[in-house]
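This is what each chain is made of:
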Amino acid sequence: MEVTRTQYPIGQGCFHTGHIRWTNNSSSTSDDFHYIYDCGSSDSTAALIDAIAAFRIQTTRIDALFVSHLDADHVNGIDRLLGSVSVGTVYIPYAGSVVPILEILEADAAGALSASLIEAHMDPESWFGRRGVGRIVKVRSSPDAGPLDPEAIRRDDDDPDERPASGSKLPPKAPFDAKIGTKLTGRRGARPQVKKMDSGDMIIANAGHRLLWALVPHVDPAPKERRRAFYQEIRSVLGLASRQHPSADRLAGALRNKGERKHLRNCYEQIVSGGSIRQHNRVSMSLYSGPRDFIKNSLWIGYAAMAHSYVRAGWCLPTVPHDYWHCRQPSVGWIGAGDATLGVQKVRAAWQRSFQPFREQISTLLLPHHGSGRSFHSDVLDWPNLSLCVAAAGDPSQYRHPAFTVVQEVKNRGHVMHQVSQHPQSELREVFKLQR
């Protein structure tokens, strides 16, 4: 097996790709798997265009696209991406009916709202279907406290179809075979298949092989403050009947009307303390990518972390692309934390719980919210084999990302800190090789 991970230099945003290649020597065949975690940038469109073009040279197919959340700096490159490659399955966060409206009103307050963004939030099936996606998997938000309760996760007061029928049993857990969705691509405009899964469930990239590579999404707990009251207020403003769901068209029309827009803002202020100034606890999807099981005796025969820029003396990060450093690496797992508000204890606890089964495998962490101090807590570094932390942020960053306190904590723990900015020389590529 050979695994290549690339964090592209696109400034404030995220464009992370993974390529998993399994070679069966007995039959001389290979089985490639390509996945992407987010594709967007808020401050360097040119760099994002170049990065997508560079990725397009490698493949015309994406097996799995993971969208952490629908902020522009994480998704505004998806249109261009889907125009040049086919996508089998898109994984998006699902947190009920309230959160998409909160995020739309938040984008409106920030001046970043568009008709396309409204549709992507309110009707993702249609939005992705018109772009040729064959399957959408909605990842349910994690419970914020206590042991995992699948029945509680699958029940949502605003979505009757989410509740199991009386007396019915939930289906047994089974890993997703990520390859299924690749057969569904090609019909732009067709309604994609829609499935749901729980946070912490496994997606297997190479089913049928002895060593299984797992992709594990986790969606932050959804905010609960006055959710039902907020939703009733929204229905009232939009003139909807009880239990009637707002449509993307109706919400867009209300946001174009000055009076209704003001009423919608008032609803937002009521549920979120401080309103648009202090945004609600964001619902974002993190992702683990790595071996399903810990590999004892370090079978990884080669590891290289490559960037043009200097990172840390004594740590093998060659300055020349494609140099390869042979070593024995005990762990090769990766976590991308999206914009998870890991500074909040209940959000952090749920996040740690989902990834606890892979704690020994984790070696690289893409820091939450571009290295923001507000989204960080020292506990997020509590993985025994963690060695490299990455912040995807502009240089210089108008938001002062990564925060000085975050960088210092990473270094105090003895980990390597690397910032992937808009500068080409900051691109980070990790390569792992394994041989049975």
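This text follows the structure it describes.
Please read these numbers as outputs of a predicted model, since none were measured by experiment. (Residues numbered from 1 in each chain as written. Predicted model: local features only at pLDDT ≥ 70, side-chain atom pairs only at ≥ 80, totals over all residues. Heavy atoms only, no water.)

Details of the packing of aromatic side chains
- By the definition in use, this model includes eight aromatic pairs.
- On the basis of an interplanar angle of 80° and a centroid distance of 5.7 Å, the ring pair of Tyr-37 and Trp-334 is categorised as edge-to-face. Highlighted residues: Tyr-37 in strand 3 (residues 29–41) and Trp-334 in strand 13 (residues 333–336), separated in sequence by 297 residues.
- Among the residues examined, Tyr-37 registers a relative accessible area of 0% and is labelled buried. (Phe/Tyr/Trp six-rings, centres within 6.5 Å; stacked < 30°, edge-to-face > 60°. Helix = DSSP H or I, 4+ residues; strand = E, 2+ residues; numbered from the N terminus. Buried < 20%, exposed > 50% of the residue type's maximum accessible area, 1.4 Å probe, protein only.)

Quick word on the side chain of Arg-140
- Locating Arg-140 in the fold gives a position in strand 6 (residues 135–140).
- Note on Arg-140: relative accessible area 9%, which makes it buried.
- Looking at Arg-140, its side chain comes within polar contact range of the side chain of Asp-198, at 2.9 Å. (Polar contact = N/O pair within 3.5 Å; in protein donor to acceptor, adjacent residues only side chain to side chain.)

Notes on the packing of helix 5 (residues 115–122) against helix 9 (residues 248–256)
- Packing of helix 5 against helix 9 brings their axes to within 9 Å, and their N-to-C directions diverge by 140°. In this view, helix 5 runs oblique relative to helix 9, as classed from their interaxial angle. For the crossing formed where helix 5 meets helix 9, the hand is right-handed. For the pair helix 5 and helix 9, the contacting residues are Ile-118, Glu-119 and Met-122 in the first and Ala-248, Leu-251, Ala-252 and Leu-255 in the second.
- Here the residues of the contact of helix 5 with helix 9 sort into six nonpolar, no polar and one charged. (Axes fitted to C-alpha atoms, helices over the stretch in contact; angles between N-to-C directions. Parallel < 35°, antiparallel > 145°, perpendicular 65-115°, else oblique. Left-handed = near helix turned anticlockwise from the far one by under 90°. Contact = heavy atoms within 4.5 Å. Nonpolar A, V, L, I, M, F, W, Y, C, P; charged D, E, K, R; others polar.)

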